[in-house]
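Per-entry structural report
Each chain, written out:
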Amino acid sequence: MSQPVRPEDKIENGERRAFLAAGAAVAGTAIAPGVLLYGMAQAKPADQPVSAKVRWGMLIDTTKCATGCTECVTACNTENSLSGKTGPQDSQWIRKVELKNLQTGARHSLPMLCQHCEHPPCVDVCPTGASFRRADGIVLVDRHICIGCRYCMMACPYKARSLVHENLTDQNPEVPRGKGCVESCTFCVQKVDRGENTTACVEACNAAGHKAMLFGDLNDPESEIAKTVKTYASTEVRADLNLNTGVRYQGI
Amino acid sequence: MKIAFREIEGKSQGYWGLFAVLAILAALGVGSALYMEHHGHIVTGMDNQIVWGLPHVFAVFLIVAASGALNVASIATVFGKTLYKPLNRLSGLLAIALLAGGLMVLVLDLGRADRLIVAMTYYNFKSIFAWNVILYNGFFAIVIAYLWTMMDQKGGRWYKPVGLLAFVWRLILTTGTGSIFGFLVAREAYDAALLAPMFIVFSFNYGLAVFLLVLMGFYAGTGRALGDKMVLRLKNLLGVFIAASLYFVFVYHITNLYFTKHHGLEAFILMNGGIHTLMFWVGQVVLGYLLPMAILFHPGLGNSRAWIALAALLAILGGLAQMYVTIIGGQAYPIDLFPGFEVSSSFYDGVVHPYTPSALELMLGLGGVAVALLMVAFAVKVLRFLPERLDDETVAALHGAK
Ligand code: SF4
Ligand code: SF4
């Protein structure tokens, strides 16, 4: 066994066989999403289906986020097998943004990532439906339907998405990526679906002692994130767009 | 009066020379697309900041020009100007060919061009892009039917209704194309209700410029008679469309200047945007509007075929410059994530994004143009698209028939 078989490879091969057997291209492609959803459902403990009762979210306290610190970025790259290069054609799922208030001169540092909008423009514009929002609020790209048109990159107000510009090697089998498809932060869906209920960036930020990021279920009144957003002021970036983002910020 | 249509001979050296050049350009276009497909978009000048590059400039231009090229037929059918009736076949043919060329570029520039079947079978009906796929397919079907009503006796009685449908459909199609940008709420350059109607006016302009050039080219090349009456009418119409484009661009920028939040963007396009400012003033405004208008409305130059052809060519170049400013300029100007803050990051937040197209992208774009022209050159050889003569007597007779 030289190469690990990726889950989606299995699907693709299975699909191809079905296609040949049925001899109908339309039938073949029409089955794909069903197979994929089935695969996803299987990846989770049976007692935890993706449910709209949950809304995964993140709260970022910019007063705790350290200028120059990139622990979250590094952790994301490791978890999701990103190269970590920062050329204009390289993927960046999470990046540190340095801010300076033009009036007051106040400086802030914060991580920027897919905001997992409740009303995601990327999903609205995607012609094929490859961009989708799960019931639990996580916005993903189905890399088997993405045609690489990049309309979602044009539409995302947060510049959260990247196109894979070249062939990839050494990938994490749990994180499907591929040349010609668009990708973005998945809220570490593989970890969430395993029941870990945290993300690589949040873990790294905590491990570094900053504790600037909080991940959890916004719909669960007992969760730390729900309690915090209920008690303290927090804001969405570009709140004027009314996207009800899953990621919120404090201190800006 | 009856107009005789005839295939062109298509045996001359000139014809085959043109055919060969176009075929080579088309092959180069497809070849660069295959190369891009193999290596990924890393071999292009596009990146995660400028996600739509030169191929989109050509593709959107061709698609917009396609719907405009149908204008001549619409004037004949819908507005009852019998004068233009002899030209409606060429008008329909050009519309189909330009759309096919544009779509080819659009599809070959996809990250996964091999998944065309997915694009055709999966639809997200909230997406204006998906609607456009339907609009484009419908356009092909309707214009082909339209051509049939023109060219086949049996179709004659459907000529008017199908022509009307084609007219309405093309207006919706251009609105749809313009709306692709209108839906991008986060990008300042596209945050304008004016975009869709502006694209319709642009389409009149670009479509007619291409039409005029192709018409004059084929008649000159085949030695068939094309009288001044027809040419001068068309060139006056082109002048009006160019003026209308200029007017819309003027209003667009005035409106943007009225909203304080767009001042940064306006300064970028109009004053300090480097290549984009240059493209706007020199490419779009001077070459695309002022110069051709001056030629077309000039009492002397405006009557010369060569100058009219130059004006049409300039209008086309101006159109490409306009698409460059709209598409590339709109992306080059950074998204304002945090209004009131100065921002910087490893992902190029807050800075103007540079873009240097690669030769591959240029070849793909030109390949689309070549495919469109190739289709026209081939079609007029095998089917009866062009009237045998359009000299002044013929045209005068038609005019009288009106
Ligand atoms: S941040 Fe961008 S990519 Fe993420 S859900 Fe919102 S629009 Fe989509
Ligand atoms: S690039 Fe992929 S995910 Fe994005 S809009 Fe196009 S098909 Fe959808």
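About the cut-offs
Residues numbered from 1 in each chain as written. Chains lettered and ligands numbered in written order. Predicted model: local features only at pLDDT ≥ 70, side-chain atom pairs only at ≥ 80, totals over all residues. Heavy atoms only, no water. Helix = DSSP H or I, 4+ residues; strand = E, 2+ residues; numbered from the N terminus. Expected span 1.5 Å × (residues − 1). Buried < 20%, exposed > 50% of the residue type's maximum accessible area, 1.4 Å probe, protein only. Near = heavy atom within 4 Å. Nonpolar A, V, L, I, M, F, W, Y, C, P; charged D, E, K, R; others polar. Phe/Tyr/Trp six-rings, centres within 6.5 Å; stacked < 30°, edge-to-face > 60°. Lys NZ or Arg CZ within 6 Å of the ring centre and 35° of its normal. Salt bridge = Lys/Arg side-chain N within 4 Å of Asp/Glu carboxyl O. Pairing = 2+ DSSP bridges. Axes fitted to C-alpha atoms, helices over the stretch in contact; angles between N-to-C directions. Contact = heavy atoms within 4.5 Å. Buried area = accessible area lost by both parts, 1.4 Å probe. Polar contact = N/O pair within 3.5 Å; in protein donor to acceptor, adjacent residues only side chain to side chain. Disulfide = S-S within 2.5 Å. pLDDT = per-residue confidence, 0-100.

What follows deals with helix H4 (residues 88-108) of chain B. End to end, H4 of chain B covers 30 Å across 21 residues, agreeing with the expected 30 Å (1.5 Å per residue, within 8%). In terms of residue burial, H4 of chain B counts as a mostly covered element, since 19 of its 21 residues are buried.

Attention now goes to the site of ligand 2. Neighbouring ligand 2 are 13 residues, the closest being Cys 126, Cys 146, Cys 149, Arg 150 and Cys 152 of chain A. For the shell around ligand 2, a count of residues per class yields nine nonpolar, three polar and one charged.

Further remarks concern the packing of aromatic side chains. By the definition in use, this model includes 24 aromatic pairs over all chains. For the pair Phe 79 of chain B and Phe 167 of chain B, a centre-to-centre distance of 5.5 Å together with 90° between the ring planes defines the contact as edge-to-face. Remark: Phe 167 of chain B occurs in helix H7 (residues 159-182) and Phe 79 of chain B occurs in the loop between helix H3 (71-77) and H4; sequence separation between them is 88 residues. Residue Phe 79 of chain B is classed as partly exposed on the basis of its relative accessible area of 48%. Of the residues examined, Phe 167 of chain B reaches a relative accessible area of 16% and is grouped as buried. Plain terms: the ring middles of Tyr 247 of chain B and Phe 248 of chain B are 6.0 Å apart, the flat faces sit at 90° to each other, and that makes the pair edge-to-face. The class for Tyr 247 of chain B is exposed, based on a relative accessible area of 53%. Here the aromatic residues Tyr 151 of chain A together with Trp 52, Phe 61, Phe 129, Phe 181, Tyr 190, Phe 199, Phe 202 and Tyr 206 of chain B are joined through ring pairs into a cluster of three or more. One cation-aromatic arrangement involves Arg 89 of chain B over Phe 5 of chain B; the distance from NZ or CZ to the ring centre is 3.6 Å.

Taken as a whole and judged by the stated rule, the model has 18 salt bridges over all chains. Across the pair Glu 236 of chain A and Arg 248 of chain A runs a salt bridge whose closest N-O atoms are separated by 3.7 Å. Note that Glu 236 of chain A is positioned in the loop between helix H8 (224-231) and strand S9 (247-250) and Arg 248 of chain A in strand S9, a separation of twelve residues in sequence. The partner of Asp 114 of chain B in a salt bridge is Arg 112 of chain B, with the nearest N and O atoms 2.9 Å apart.

This next bit is on the sheet that holds strand S3 (residues 341-345) of chain B. Read from one edge of the open sheet, three strands run S3(A)-S2(A)-S3(B), paired in antiparallel fashion. The sheet is open, and its two edges are formed by strand S3 (107-113) of chain A together with S3 of chain B, each paired on a single side. If you compare each strand with its neighbour and ignore which way they point, the axes differ by 30° on average. As paired strands, strand S2 (residues 94-101) of chain A and S3 of chain B are joined by five bridges and run antiparallel to one another. Residue pairing across strands places Val 97 of chain A opposite Ser 345 of chain B, the latter belonging to S3 of chain B. Relative to the sheet, helix H3 (residues 71-80) of chain A contacts S2 and S3 of chain A, its axis offset from that of S2 of chain A by approximately 160°.

All names here are of chain A. Burial analysis of strand S1 (residues 56-61) places six of its six residues in the buried class, the great majority of the element. Burial along S1 is two-sided: Trp 56, Met 58 and Ile 60 facing one way and Gly 57, Leu 59 and Asp 61 facing the other are all buried. Summarising the sheet, S1 and strand S8 (residues 213-217) pair through five bridges and their orientation is antiparallel. Paired with Gly 57 across the strands is Gly 216, a residue of S8.

Residues and elements named next belong to chain B. With respect to the helices and strands, the residue Trp 307 is situated in helix H12 (residues 305-332). A relative accessible area of 37% places Trp 307 in the partly exposed class. Spatially, the C-alpha atoms of Trp 307 and Glu 361 are 31 Å apart, while their sequence positions differ by 54 residues. Excluding residues within four positions of it along the chain, Trp 307 makes contact with Ile 295 and Leu 301.

Here the focus is the site of ligand 1. With respect to spatial proximity, the complete set of residues near ligand 1 consists of Cys 114, Gln 115, His 116, Cys 117, Pro 120, Pro 121, Cys 122, Val 139, Cys 156, Pro 157, Tyr 158 and Arg 161 of chain A. For the shell around ligand 1, the class distribution of residues is nine nonpolar, two polar and one charged.

Residues and elements named next belong to chain A. Although it is not a glycine, Lys 159 sits at a positive phi angle of roughly 50°. With respect to the helices and strands, Lys 159 occurs in the loop between helix H5 (151-155) and strand S6 (162-163). Residue classification places Lys 159 among the buried residues on the basis of a relative accessible area of 8%. Unusually for a residue other than glycine, Lys 211 sits at a positive phi of about 50°. On the secondary structure map, Lys 211 appears in the loop between helix H7 (200-207) and S8.

Moving on: the interface of chain A and chain B. Many authors give the size of an interface as the accessible area that is lost as the parts come together. Taken together, the contacts link 59 residues of chain A with 56 residues of chain B. Both sides together, the interface formed by chain A and chain B hides about 5,000 Å², and carbon and sulfur atoms give 58% of it. At the junction of chain A and chain B, the tally comes to three salt bridges. Residue Asp 124 of chain A is joined to Lys 126 of chain B by a salt bridge in which the shortest nitrogen-to-oxygen separation is 3.0 Å. Run the count over chain A and chain B and you get 39 residue pairs in polar contact (both at pLDDT 80 or more).

What follows deals with the state of the cysteines. Residues and elements named next belong to chain A. Under the defined criterion, the tally for this structure stands at zero disulfides over all chains. Between Cys 72, a cysteine without a disulfide, and Cys 69, which holds the nearest cysteine sulfur, the sulfur-to-sulfur distance is 6.3 Å. With relative accessibility at 6%, the residue Cys 72 sits in the buried group.

What follows deals with the pairing of S3 of chain A. Residue and element names in this part refer to chain A. Across the seven residues that make up S3, a large majority, six, are buried. Inspection of the sheet shows S2 paired to S3 by seven bridges, in the antiparallel sense. The partner of Leu 99 across the bridge, within S3, is His 108. Remark: five residues form the turn of the hairpin made by S2 and S3, two consecutive strands paired antiparallel; Gly 105 in that turn has positive phi of roughly 80°.

A word on the confidence of the model for chain A. Of all residues in chain A, 81% have pLDDT values of 70 or greater, and the mean over the chain is 86. In this model, residues 1-44 of chain A is a region of pLDDT below 50 whose contacts with residues beyond four sequence positions or in other chains number 33 contacts.

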